[in-house]
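Residue strings, one per chain:
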Amino acid sequence: MKNLSLIAGLLAVMMLPAAAQAQDPVRHGRALAQEFCARCHAIGRHGRSPHSDAPPLRNIGRSYDLDEFARVLSGGLLSGHPDMPQFRFHFPDARDLRDYLRTIQE
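Here's what I pulled together on the structure shown here. (Residues numbered from 1 in each chain as written. Predicted model: local features only at pLDDT ≥ 70, side-chain atom pairs only at ≥ 80, totals over all residues. Heavy atoms only, no water.)

Concerning the pattern of salt bridges
Should the charged atoms of two oppositely charged side chains come close, the side chains can pair. Tallied over the full model, the rule gives six salt bridges. Where Arg58 meets Glu106, a salt bridge forms, and the shortest distance between an N and an O atom there is 3.3 Å. Taken together, the residues Arg58 in the loop between helix 2 (25–36) and helix 3 (66–75) and Glu106 in the segment after helix 4 (91–104) connect sequence positions 48 residues apart. For Arg58, a relative accessible area of 10% corresponds to the buried category. Assessed through its relative accessible area of 63%, Glu106 is described here as exposed. Ionic pairing is found between Arg62 and Glu106, a salt bridge with its closest N-O pair at 3.1 Å. Note that Arg62 is positioned in the loop between helix 2 and helix 3 and Glu106 in the segment after helix 4, a separation of 44 residues in sequence. Each member of the pair, Arg62 as well as Glu106, is classed as exposed. When salt bridges with common partners are traced through the structure, they connect Asp67, Arg98, Asp99 and Arg102 into a single cluster. (Salt bridge = Lys/Arg side-chain N within 4 Å of Asp/Glu carboxyl O. Helix = DSSP H or I, 4+ residues; strand = E, 2+ residues; numbered from the N terminus. Buried < 20%, exposed > 50% of the residue type's maximum accessible area, 1.4 Å probe, protein only.)

Okay, structure coming up:
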(Lines give C-alpha, C1' and ligand atoms only; values in the text may rest on other atoms or scores of the structure.)
Protein backbone atom coordinates (compact mmCIF):
# COMPACT_ATOMS: atom_id res chain seq x y z
CA MET A 1 0.00 0.00 0.00
CA LYS A 2 2.87 2.34 0.81
CA ASN A 3 4.39 1.74 -2.66
CA LEU A 4 1.06 2.49 -4.32
CA SER A 5 0.89 5.84 -2.51
CA LEU A 6 4.46 6.63 -3.55
CA ILE A 7 3.72 5.78 -7.20
CA ALA A 8 0.55 7.87 -7.16
CA GLY A 9 2.48 10.80 -5.67
CA LEU A 10 5.23 10.54 -8.28
CA LEU A 11 2.69 10.42 -11.09
CA ALA A 12 0.96 13.52 -9.73
CA VAL A 13 4.28 15.42 -9.59
CA MET A 14 5.17 14.34 -13.14
CA MET A 15 1.83 15.63 -14.42
CA LEU A 16 2.22 19.11 -12.89
CA PRO A 17 4.04 20.66 -15.88
CA ALA A 18 1.36 19.40 -18.28
CA ALA A 19 -1.39 20.73 -16.03
CA ALA A 20 0.34 24.11 -15.72
CA GLN A 21 0.77 24.28 -19.48
CA ALA A 22 -2.89 23.43 -20.02
CA GLN A 23 -3.80 26.34 -17.76
CA ASP A 24 -1.57 28.78 -19.67
CA PRO A 25 -3.06 29.21 -23.16
CA VAL A 26 -0.13 31.26 -24.49
CA ARG A 27 2.43 28.67 -23.39
CA HIS A 28 0.30 25.89 -24.86
CA GLY A 29 -0.07 27.88 -28.09
CA ARG A 30 3.69 28.28 -28.33
CA ALA A 31 4.13 24.53 -27.87
CA LEU A 32 1.64 23.96 -30.70
CA ALA A 33 3.51 26.43 -32.93
CA GLN A 34 6.75 24.62 -32.15
CA GLU A 35 5.24 21.22 -32.94
CA PHE A 36 3.28 22.06 -36.08
CA CYS A 37 4.77 25.23 -37.57
CA ALA A 38 8.44 25.65 -36.64
CA ARG A 39 9.73 23.28 -39.28
CA CYS A 40 8.90 25.93 -41.90
CA HIS A 41 7.91 29.17 -40.11
CA ALA A 42 9.78 31.41 -37.68
CA ILE A 43 7.61 31.18 -34.57
CA GLY A 44 9.16 33.89 -32.41
CA ARG A 45 9.41 37.66 -32.40
CA HIS A 46 12.71 37.48 -34.28
CA GLY A 47 14.47 35.26 -36.75
CA ARG A 48 14.02 33.92 -40.24
CA SER A 49 11.75 31.11 -41.32
CA PRO A 50 13.55 27.84 -42.11
CA HIS A 51 11.55 27.57 -45.34
CA SER A 52 12.22 30.58 -47.55
CA ASP A 53 8.60 30.80 -48.76
CA ALA A 54 7.06 30.53 -45.27
CA PRO A 55 6.24 33.88 -43.67
CA PRO A 56 7.20 34.37 -40.03
CA LEU A 57 4.18 33.78 -37.80
CA ARG A 58 4.77 37.20 -36.24
CA ASN A 59 3.41 38.62 -39.51
CA ILE A 60 0.31 36.40 -39.75
CA GLY A 61 -1.86 39.23 -38.44
CA ARG A 62 -1.19 41.08 -41.68
CA SER A 63 -2.96 38.34 -43.66
CA TYR A 64 -5.51 37.03 -41.17
CA ASP A 65 -7.84 38.63 -38.68
CA LEU A 66 -6.56 37.03 -35.49
CA ASP A 67 -10.03 37.28 -33.96
CA GLU A 68 -11.20 34.87 -36.68
CA PHE A 69 -8.00 32.82 -36.88
CA ALA A 70 -9.01 30.22 -34.27
CA ARG A 71 -12.19 29.50 -36.23
CA VAL A 72 -10.18 29.22 -39.45
CA LEU A 73 -7.76 26.77 -37.83
CA SER A 74 -10.54 24.65 -36.38
CA GLY A 75 -12.30 24.54 -39.75
CA GLY A 76 -9.14 23.51 -41.57
CA LEU A 77 -6.41 25.85 -42.76
CA LEU A 78 -5.62 25.45 -46.43
CA SER A 79 -2.81 27.14 -48.30
CA GLY A 80 -2.11 27.46 -51.97
CA HIS A 81 1.52 26.58 -51.29
CA PRO A 82 2.29 22.94 -52.20
CA ASP A 83 4.62 22.41 -49.21
CA MET A 84 2.01 23.56 -46.69
CA PRO A 85 -0.01 20.69 -45.25
CA GLN A 86 -3.64 21.15 -44.30
CA PHE A 87 -4.12 21.71 -40.59
CA ARG A 88 -7.24 21.25 -38.55
CA PHE A 89 -7.07 21.98 -34.83
CA HIS A 90 -9.60 21.35 -32.11
CA PHE A 91 -11.06 24.74 -31.23
CA PRO A 92 -9.41 25.05 -27.77
CA ASP A 93 -5.99 24.35 -29.33
CA ALA A 94 -6.68 26.79 -32.17
CA ARG A 95 -7.65 29.45 -29.63
CA ASP A 96 -4.44 28.87 -27.65
CA LEU A 97 -2.33 29.10 -30.81
CA ARG A 98 -4.11 32.34 -31.72
CA ASP A 99 -3.45 33.68 -28.21
CA TYR A 100 0.26 32.92 -28.61
CA LEU A 101 0.34 34.54 -32.05
CA ARG A 102 -1.08 37.73 -30.55
CA THR A 103 1.95 37.96 -28.25
CA ILE A 104 4.47 37.95 -31.12
CA GLN A 105 2.79 40.14 -33.76
CA GLU A 106 4.80 43.04 -35.15
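After presenting the structure, the write-up continues.
A short note on the packing of helix 3 against helix 4
When two helices pack together, their arrangement is given by the angle between the helix axes and by the axis-to-axis distance. Contact geometry of helix 3 with helix 4 gives a least axis separation of 8 Å together with a crossing angle of 145°. The hand of the helix 3/helix 4 crossing is right-handed. The residues of helix 4 that touch helix 3, namely those facing Leu66, Asp67, Phe69, Ala70, Arg71, Leu73 and Ser74, are Phe91, Ala94, Arg95, Leu97, Arg98, Leu101 and Arg102. (Axes fitted to C-alpha atoms, helices over the stretch in contact; angles between N-to-C directions. Left-handed = near helix turned anticlockwise from the far one by under 90°. Contact = heavy atoms within 4.5 Å.)

Points about the nonpolar core
One recurring pattern in soluble globular proteins: nonpolar side chains tend to sit buried together. Leu57, Leu73, Phe89 and Leu101 are the most contacted members of the largest nonpolar core, which has 19 residues in total. Put simply, the parts of the chain that give this core at least two residues each are helix 2, helix 3 and helix 4. In terms of residue count, helix 4 provides more of this core than any other element does, five residues in total. Residue contacts for Leu73: discarding those within four places in its chain leaves Phe87, Arg88, Phe89, Ala94 and Leu97. (Core = buried A, V, L, I, M, F, W, Y, C linked by side-chain atoms within 4.5 Å.)

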